[in-house]
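# Close look at the chain arrangement
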2 protein chains.
Amino acid sequence: MADETTPRLRIAVVGTGLIGGSILLRLHEAGNDVLGWDPQPAARAAAARRRVPFNDRLDVTLKGRDVVFLCGPLRALPESLTEVARLADDGCVITDVGSTKAEIADHAARLGLADRFIPGHPMAGTEKAGLDSAIGSLYDSAPWVLCPSSTDALPGFRLLTRLIIENFGARVVPMEPRAHDAVVALSSHIPHILAGALAGAAAGSAVKQAVLALAAGSFKDGTRVAGTPSSRTADMLISNRAAVVAQLDLVRAVLDGLVASLADADDAELLRRLQVGRGLREELLDRSMLPVTRSFDLARDDQAELDFLRRLGGDGGYVTGQETDATTVTYTALATR
Amino acid sequence: MADETTPRLRIAVVGTGLIGGSILLRLHEAGNDVLGWDPQPAARAAAARRRVPFNDRLDVTLKGRDVVFLCGPLRALPESLTEVARLADDGCVITDVGSTKAEIADHAARLGLADRFIPGHPMAGTEKAGLDSAIGSLYDSAPWVLCPSSTDALPGFRLLTRLIIENFGARVVPMEPRAHDAVVALSSHIPHILAGALAGAAAGSAVKQAVLALAAGSFKDGTRVAGTPSSRTADMLISNRAAVVAQLDLVRAVLDGLVASLADADDAELLRRLQVGRGLREELLDRSMLPVTRSFDLARDDQAELDFLRRLGGDGGYVTGQETDATTVTYTALATR
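Residues numbered from 1 in each chain as written. Chains lettered and ligands numbered in written order. Predicted model: local features only at pLDDT ≥ 70, side-chain atom pairs only at ≥ 80, totals over all residues. Heavy atoms only, no water.

The line we're drawing: UniProt positions are given in the numbering used here, feature names are shortened, and annotations may be inferred rather than shown by experiment.
Looking up chain A in an unreviewed UniProt entry gives the name Prephenate dehydrogenase, with the organism given as Allocatelliglobosispora scoriae. Of chain A, the UniProt comment under Sequence similarities (unreviewed entry) reads exactly: "Belongs to the prephenate/arogenate dehydrogenase family."

## Some points on the packing of helix H6 (residues 154-168) of chain B against helix H13 (residues 302-314) of chain B
All names here are of chain B. The line we're drawing: Here, axes are lines fitted to C-alpha atoms. For helices the fit covers the stretch in contact, and angles between N-to-C directions go from 0 to 180 degrees. Helix and strand definitions follow DSSP, with helices as H or I runs of at least four residues and strands as E runs of at least two, each counted in order from the N terminus. Small angles under 35 degrees read as roughly parallel and large ones over 145 as roughly antiparallel, with 65 to 115 read as roughly perpendicular and the rest as oblique. Working rule for handedness: look at the near helix, and if it is turned counterclockwise from the far one by less than a right angle, call the crossing left-handed; if clockwise, right-handed. Pairs of residues are marked as contacts when any of their non-hydrogen atoms sit within 4.5 Å.
Packing of H6 against H13 brings their axes to within 11 Å, and their N-to-C directions diverge by 50°. As judged from the angle between their axes, H6 and H13 are oblique. H13 is crossed by H6, and the crossing has left-handed handedness. On the side of H6, the interface is formed by Leu 154, Phe 157 and Arg 158, while H13 contributes Asp 302, Glu 305, Leu 306 and Leu 309.

## Observations concerning the sheet that holds strand E1 (residues 10-14) of chain A
Residues and elements named next belong to chain A. Convention followed: DSSP-based pairing: two strands are paired if at least 2 bridges between them are found.
Spatial ordering of the open sheet is given by E2-E1-E3-E4-E5, a layout of five strands whose pairing is parallel. Whereas interior strands pair on both sides, the edge strands pair on one side only; in this sheet they are strand E2 (33-37) and strand E5 (117-118). Judged from the four bridges that link them, E1 and strand E3 (residues 67-70) form a sheet pairing that is parallel. Paired with Ala 12 across the two strands is Val 68, which belongs to E3. Strands in contact with helix H4 (residues 77-87) are E1, E3, strand E4 (93-96) and E5; relative to E3, the strand with the most contacts, it is inclined by about 160°.

## Some words on the pattern of salt bridges
Rule in force here: Between Lys or Arg on one side and Asp or Glu on the other, a salt bridge is scored when a side-chain nitrogen of the former is within 4 Å of a carboxyl oxygen of the latter. Whether a residue is buried, partly exposed or exposed follows from its accessible area with a 1.4 Å probe, protein chains only, as a fraction of its type maximum: under 20%, in between, or over 50%, in that order.
Using the criterion set out here, one finds 48 salt bridges over all chains in the structure. Between Glu29(B) and Arg26(B) there is a salt bridge whose closest N-O contact spans 3.7 Å. In this pair, Glu29(B) and Arg26(B) are both assigned in helix H1 (residues 18-29), three residues apart and thus about one turn of the helix distant. A salt bridge links Asp59(B) to Arg57(B); the nearest nitrogen and oxygen atoms lie 2.8 Å apart. Accessibility expressed as a relative area gives 31% for Asp59(B), which makes it partly exposed. Within this structure, Arg26(A), Glu29(A) and Asp140(A) form a network of salt bridges that share partners.

## Topic: the confidence of the model for chain A
Convention followed: One confidence number per residue, pLDDT, is output by the predictor and ranges from 0 to 100.
Residues with a pLDDT of 70 or more make up 98% of chain A, whose mean pLDDT is 95. Scored below 50 in pLDDT, residues 1-6 of chain A shows twelve contacts in the model against residues more than four places distant or in partner chains.

## So, the interface of chain A and chain B
Applied cut-off: By buried area we mean how much accessible surface two parts lose on assembly, using a 1.4 Å probe and totalling the loss over both. Distance and chemistry together define a polar contact, namely a pair of N or O atoms within 3.5 Å, with one atom able to donate a hydrogen and the other to accept it when in protein, and with adjacent residues in sequence counting only for side-chain atoms on both sides.
The interface is formed by 87 residues belonging to chain A together with 87 residues belonging to chain B. Both sides of the chain A and chain B interface together cover about 7,600 Å² of buried area, and 74% of this is carbon and sulfur. The interface formed by chain A and chain B holds eight salt bridges in total. Note that Asp221(B) is salt-bridged to Arg224(A), the shortest N-O span being 2.3 Å. Taken together, the links from chain A to chain B amount to 24 residue pairs in polar contact (both at pLDDT 80 or more). Where the side of chain A that touches chain B is concerned, the elements lending two or more residues are strand E7 (143-146), helix H7 (177-203), helix H8 (208-213), helix H9 (217-223), helix H10 (230-239), helix H11 (241-263), helix H12 (267-285) and helix H13 (302-314) of chain A.

Structure below.
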């Protein structure tokens, strides 16, 4: 990472499983000063195998670092953040990679970290686990949500945005934490519940073996994420409980409408409802975006900058680049049409 | 297709879209005497491009044929069957490829065809359409359901079973038509409704653009079949209305249970319910089968043979081979453990 206005960044990655390991691997490959740490004793040997810098002591790993990526299981993140904030230097910018953002953002606010903890969510993964499965290119073109909590968090957000775009080629999506959680409830969490319902119904069916024998592609796709370790899925759902339950009302209402039109033999209405879903699917495969450039005065446009960023991400757009000089910050972005 | 007890079979394929075209292509490649026909004027040129035998007249195509594969849209199959049965030779065995079986089986019974029409359902496909997209290997290792309606249909069933195994390498799954329809309601049709509900909910969401921007793999997989042409999905659901609506009660009950344990913060129960679905997914990926061989006296074991076949397929097994001599029919099969 090179930046005209700051010296070379010193970075730490705390938790070097699949996600943290992939971040560590890419940051190291790209020539950054980066150091990994993990509570698992096996991580040192894995780090040696992948030839990435690693230290056995958390305090040594964090000392003098400018940026920390906080990784590891969702459930452990609040306690990890408390510990890392205690050990890290005062000016250090911290971000995390958890799949929900309101809970950790609230925890950070209670710790007085809202200005330098920027909740994050890089949205890619595999079914595998551990540093041995890490992939340096995991976040190429992936959405990477960042949630600055207020204008005080903008300096940390700007620094992370450049670091992430330059090193990972990811799409930085700025969002308010609760807006993020409402969106991923539908775009990630509820699909896990529907897959669980379909797989669970098949498990309880009197004709289970025949269902397995005649499983079509639709069934295989529709149950795939039911194969995710159940405790990981449960933690994700539990940490986003309110948003998931609220969005489920919408999904179940649409499901009820489809079922009613089928059961009532209202075939024209059934077709119309199916066409709505097909239209969404076509939009997913062919999103239409517009390039946007916006500049803000660093001395007095903080609120306008934060509003622009949250609106951009909340509407489905993302930041493609960011430049800062002595007086001005300039974003290039792709916004939905 | 070679058979010790019959001369070389003459085969016709009526309807040469993706499915019929793939059947025609493979039967031709394998050296059979086969001829295709299609009501679409463009089909002749497509047949020339794919170098498969084709005739413009249905009556000429059917004359002197031993076996007819009746393909084409599900909705058109009953009328097609009536027409083909009228034009084909008296002893000709007819099968179809529709995705539901009770409706067409009942129609055939009303036409007095129950002994020589064997409802069929080869279970593979692609999102594409037309003979130009046909693939000779489409049914390699795929389940191919055949539904003999009574012992009178066994001679036709035996002939089709050998033809399908020898030419397509498919897994012949014998089932009662209504049992088939109940199973595919869960293994194929309901996944389309769930995909439609998820896609429809996203389409109606206030944060639709952000949902598209943050669509995880779970969302992409969970909505994939919502991209199927809606009229094709609607026809499939409508032709299996009763079974789909009945099985949906089970799926919705499992969904309600998952939602309730999440909403009520009964996290142990949520985990337990997710584990049921995960277990099903593991069974799907690692099915345990046992080889079975069974022989039946052609003069007096018809009912035992039909019972064996329906139980085999209804329990998730399939026929891997069939031999017939002057007195005995012998099946090899894989049965669920």
